[in-house]
Amino acid sequence: RQNQLIESRKLSSIGTLTSGIAHELNNPLNNVSLTADTMLEEFEELEADEAKEMLNDIINEIGRASEVVRNLLDFSRESEQSISELGVETLINETKKLVVNQLRLDKITLNINIPADIPKVLGDLNSLQQVFINLFMNADHAMEGGGTLTVTASSAPDNYVRFDVTDTGCGMTAETLERIFDPFFTTKPVGKGTGLGLSIIYGLIKKHSGFIEVQSKLEVGTTFSIYLPAVSQLENSHGQISSGSN
Ligand code: ADP
């Protein structure tokens, strides 16, 4: 199987998003409703531990619904962006702190390569941390039983800084690659993935006037390359970051 290379050109459509939301919220709501109905109907006969189990189910389903809502809020977050010049090393190291325990638990070795002379990027620290957390967690999920996560920053042509996030995980089929930026597309079991991580990344990187490339090979691993404008480019040609809603 050859290397797959795709670019994130496609903008996820509102239609896909809306039907996805309806579906993702309806499932847990239906389950809550069913369980609560059953509890009411069988109220007199229920044993304490049965009732407890049902209540736990309800709490879990509500948790699922809340996660969908939380992700949607991230997805549409426009307002609280605060743009500044960010040192690449600080950005990556601050993000690393948030995931390092999980990676250690999952037996994943983290390598970080950042050249000393890398230019700064212009962006919102919280948003970009979210981008890298999502990428690191996806890599983590792809490496069952452990592996190596490598983060490499480099200067790219046309005054971009390129961040390669490479895992030695399961990789993706061409069919999966086609759809990874679609909202609610996930190959993970119910409760494990919302399918919003990469759509959020897509939106945030677009907002930063950057772009994304993905290369993946089944059973070998995946590299997500994030390109962000270097500060020098923004100063010289654009003057400011595009904050565009599209
Ligand atoms: P989620 O992680 O909730 O499934 P994402 O939008 O972050 O949602 O990812 C969508 C899908 O893309 C995943 O379900 C998985 O199939 C695939 N994917 C993302 N990152 C990787 C990776 N590093 N390795 C293999 N597959 C990946």
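Let me begin by describing the structure that accompanies this report. (Residues numbered from 1 in each chain as written. Predicted model: local features only at pLDDT ≥ 70, side-chain atom pairs only at ≥ 80, totals over all residues. Heavy atoms only, no water.)

Next up on the list: the overall build of the protein. Tallying secondary structure elements over the protein gives seven helices and eight strands in all. Put simply, the protein has 246 residues, and 43% of those count as buried. Contacts in the protein between residues at least 24 apart in sequence constitute 76% of all its contacts with a sequence separation of at least 6. (Helix = DSSP H or I, 4+ residues; strand = E, 2+ residues; numbered from the N terminus. Buried < 20%, exposed > 50% of the residue type's maximum accessible area, 1.4 Å probe, protein only. Contact = heavy atoms within 4.5 Å.)

Our focus in this paragraph is the nonpolar core. Counting 45 residues, the largest nonpolar core has Val88, Leu135, Phe163, Ile180 and Ile226 as the members making the most contacts within it. Counting residues per element, the ones that place at least two in this core are helix H2 (48-76), helix H3 (88-105), helix H4 (125-142), strand E5 (147-156), strand E6 (160-167), helix H6 (197-207), strand E7 (211-217) and strand E8 (221-229). Here Leu135 is in contact with Val165, Leu198, Ile201, Phe224 and Ile226, once residues within four sequence places are set aside. Of all hydrophobic cores here, the second largest spans six residues; its members include Met39, Leu46, Ala51 and Met54. (Core = buried A, V, L, I, M, F, W, Y, C linked by side-chain atoms within 4.5 Å.)

It is the contact of H4 with H6, at a shortest axis distance of 10 Å, that shows an interaxial angle of 145°. Of the two possible hands of crossing, H4 and H6 adopt the one that is left-handed. Only Gly197, Leu198, Ile200, Ile201, Leu204 and Ile205 of H6 make contact with H4, whose side of the interface consists of Ser127, Leu128, Gln130, Val131, Asn134, Leu135 and Asn138. (Axes fitted to C-alpha atoms, helices over the stretch in contact; angles between N-to-C directions. Left-handed = near helix turned anticlockwise from the far one by under 90°.)

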